[in-house]
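Architecture and fold: a report
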Amino acid sequence: MAMTIHVDIVSAESQIFSGLAEMVVAPAVNGDVGILPRHAPLLTPLRAGAVKIQLSSDHEELFYVSGGMLEVQPHLVTILSDTALRAHDLDEEAALEAKQRAEKLLQDRKTAFDYAKAQAELAEAVAQLRAIARLRKIRK
Amino acid sequence: MAKSKEIRTKISSIKSTQKITRAMEMVAASKMRKAQERMRKSRPYAEKMRQIIGHLAQAHPEYKHPYLVGRPVQRIGLIVISSDRGLCGGLNTGLFRTTLAAMKRWRNSKIEMNLCTIGSKSSMFFRRFGANMVAQKDHLGDAPTLIDLIGPVKVMLDAYNEGQIDQLYVIFNRFINTMSQSPQIQQLLPVVADEEDALLTHHWDYIYEPEAQAVLDGLLMRYIESLVYQALVENVACEQAARMVAMKSASDNAGSLIEELQLAYNKARQAAITQELSEIVSGAAAV
């Protein structure tokens, strides 16, 4: 049997692939890299592209990644895949949107955080919850 | 007969309420299972990253990334994660109480706070009391994606990079089991080193392409994002669990109310019949 290497492809939201392979070809930022078993430890970012996993001589699987990280250890390849295309200006745009939403909400903002008022309101809510719990006990 | 008719209408209205709460209970139960599954799925990513970061920090003692180094604290960032919708018992209330207590402690030690709220409940709550909100995001739904978080997290990371904040925390509900969830304050920045990583003593290093610092930058950003994502997913699971329990007790309460009303209805009906009978009998006696 040919030598194999364990491959994991994970994203923040799910596990995409896990299993043994003969070779992995991944789109690293500086050009595609092919990883065979007993490769030296390597860490590199990935660009968007296809990851090819050679399961056996006549069987291979393709996965699309939109970027991420590739970690190689002699018997282990881990691909930390991004779930979205990452570009500096896209990220910037998303951040700006989150900021604007906060600003919009705070248009009628008071000068300082009103601890007393916030606590009073929370105390009321907690008292209500307690009353409900007690009522339930009495009923039973 | 007027009274018994009133009771009958009341019973039917409570029955329809009970139908709604029961349906909500079942919906929440199935959503909770899905959320738990997502929670489980998101774990390997963060674990793997923690390993790599631990290794990097060790292999490169000369290069200290700002995310890994603590500094004197004057202002901190808080990411508060709440649900978007109510009807989930005391889940959000408990979270806000913990947050408020912590905020008070920080304020007493003269530390300023920047808030980033995720979920409309926390946005509304902190807006009402005039907190210093710098970023906001809501309506992420039951299946949040990491893409939604890139914006708000970037605002906080940028603030940290520029020195506006010196620490970053995330506040969310931790899922313990269906019956219990507990509010949790977790430190994101500076990254807290794991104890077990210190056990890795043998020396070896990665080949970095292009260079170690750029790799570390990208890695740490994704690591923080994935931690916030995990917190968010966990909070969704908590929300559904809390809603399920709240709706179950609402259905039970409706059931006992119906029982009581049914009893009252029967009594009223019997009283009416008895009265009618005695009227007939006394009428017959008069003839």
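Residues numbered from 1 in each chain as written. Chains lettered and ligands numbered in written order. Predicted model: local features only at pLDDT ≥ 70, side-chain atom pairs only at ≥ 80, totals over all residues. Heavy atoms only, no water.

What about the overall build of chain B?
For chain B, the count of helices and strands is 6 helices and 6 strands. Mapped in sequence order, the helices and strands of chain B form the string α-α-β-α-β-α-β-α-β-β-β-α. With the principal axes as the frame, chain B shows a C-alpha extent of 115 × 40 × 30 Å. In chain B, which comprises 287 residues, the share counted as buried stands at 48%. (Helix = DSSP H or I, 4+ residues; strand = E, 2+ residues; numbered from the N terminus. Buried < 20%, exposed > 50% of the residue type's maximum accessible area, 1.4 Å probe, protein only.)

Regarding the interface of chain A and chain B
Taken residue by residue, the interface counts 56 residues in chain A and 62 residues in chain B. Around 5,200 Å² of area is buried between chain A and chain B when both sides are counted, 64% of it from carbon and sulfur atoms. If you look at where chain A meets chain B, you find 5 salt bridges. Lys48 of chain B is the salt-bridge partner of Glu71 of chain A, the closest N and O atoms lying 3.7 Å from each other. On inspection of chain A and its partner chain B, the count reaches 11 residue pairs in polar contact (both at pLDDT 80 or more). Looking at the side of chain A that touches chain B, the elements that each hand over two or more residues are strand S1 (5-11), strand S5 (42-56), strand S6 (59-73), strand S7 (76-81), helix H1 (88-105) and helix H2 (115-139) of chain A. A per-class count over the side of chain A that touches chain B returns 27 nonpolar, 12 polar and 17 charged. Here 2 bridges tie S5 of chain A to strand S6 (residues 207-208) of chain B, and the two strands are oriented parallel to one another. When the sheet's bridge partners are listed, Leu42 of chain A is paired in S6 of chain B with Ile207 of chain B. (Contact = heavy atoms within 4.5 Å. Buried area = accessible area lost by both parts, 1.4 Å probe. Salt bridge = Lys/Arg side-chain N within 4 Å of Asp/Glu carboxyl O. Polar contact = N/O pair within 3.5 Å; in protein donor to acceptor, adjacent residues only side chain to side chain. Nonpolar A, V, L, I, M, F, W, Y, C, P; charged D, E, K, R; others polar. Pairing = 2+ DSSP bridges.)

Observations concerning the pairing of strand S1 (residues 75-81) of chain B
Residues and elements named next belong to chain B. Summarising burial for S1: 6 of the 7 residues are buried, a large majority. Here 5 bridges tie S1 to strand S4 (residues 167-175), and the two strands are oriented parallel to one another. In the sheet register, Val80 faces S4, and the bridge partner there is Ile171.

Side note on the confidence of the model for chain B
Confidence along chain B averages 88 in pLDDT terms, with 94% of residues attaining 70 or more. Predicted complex, confidence summary: ipTM 0.80, pTM 0.86. (pLDDT = per-residue confidence, 0-100.)

Description of the pairing of strand S3 (residues 133-137) of chain B
Residue and element names in this part refer to chain B. Within S3, 4 of the 5 residues are buried, leaving the element largely enclosed by the surrounding structure. Pairing of strand S2 (residues 112-118) with S3 involves 4 bridges; the strand directions are parallel. Across the sheet, the residue bridging to Cys116 is Ala135, located in S3. Handedness of the S2-helix H4 (residues 120-128)-S3 crossover: right-handed. (Right-handed = clockwise from strand over helix to strand, strands pointing away.)

Concerning the packing of helix H5 (residues 147-161) of chain B against helix H6 (residues 212-286) of chain B
Residues and elements named next belong to chain B. Interaxial distance between H5 and H6 falls to 10 Å at its minimum, and their mutual angle equals 125°. Classified by the angle their axes make, H5 and H6 are oblique. Classified by chirality, the crossing of H6 by H5 is right-handed. Of H6, the residues touching H5 (which contributes Leu149, Ile150, Val153 and Leu157) are Met221, Ile224, Glu225, Val228, Tyr229 and Leu232. Across the contact of H5 with H6, the residue classes break down as 9 nonpolar, no polar and 1 charged. (Axes fitted to C-alpha atoms, helices over the stretch in contact; angles between N-to-C directions. Parallel < 35°, antiparallel > 145°, perpendicular 65-115°, else oblique. Left-handed = near helix turned anticlockwise from the far one by under 90°.)

Digging into the domain arrangement of chain A
Segmentation of chain A into domains returns domain 1 (5-87) and domain 2 (91-139). Measuring from the centre of the C-alpha atoms in domain 1 of chain A to the corresponding centre in domain 2 of chain A gives 44 Å. (Domains from an automatic or database assignment.)

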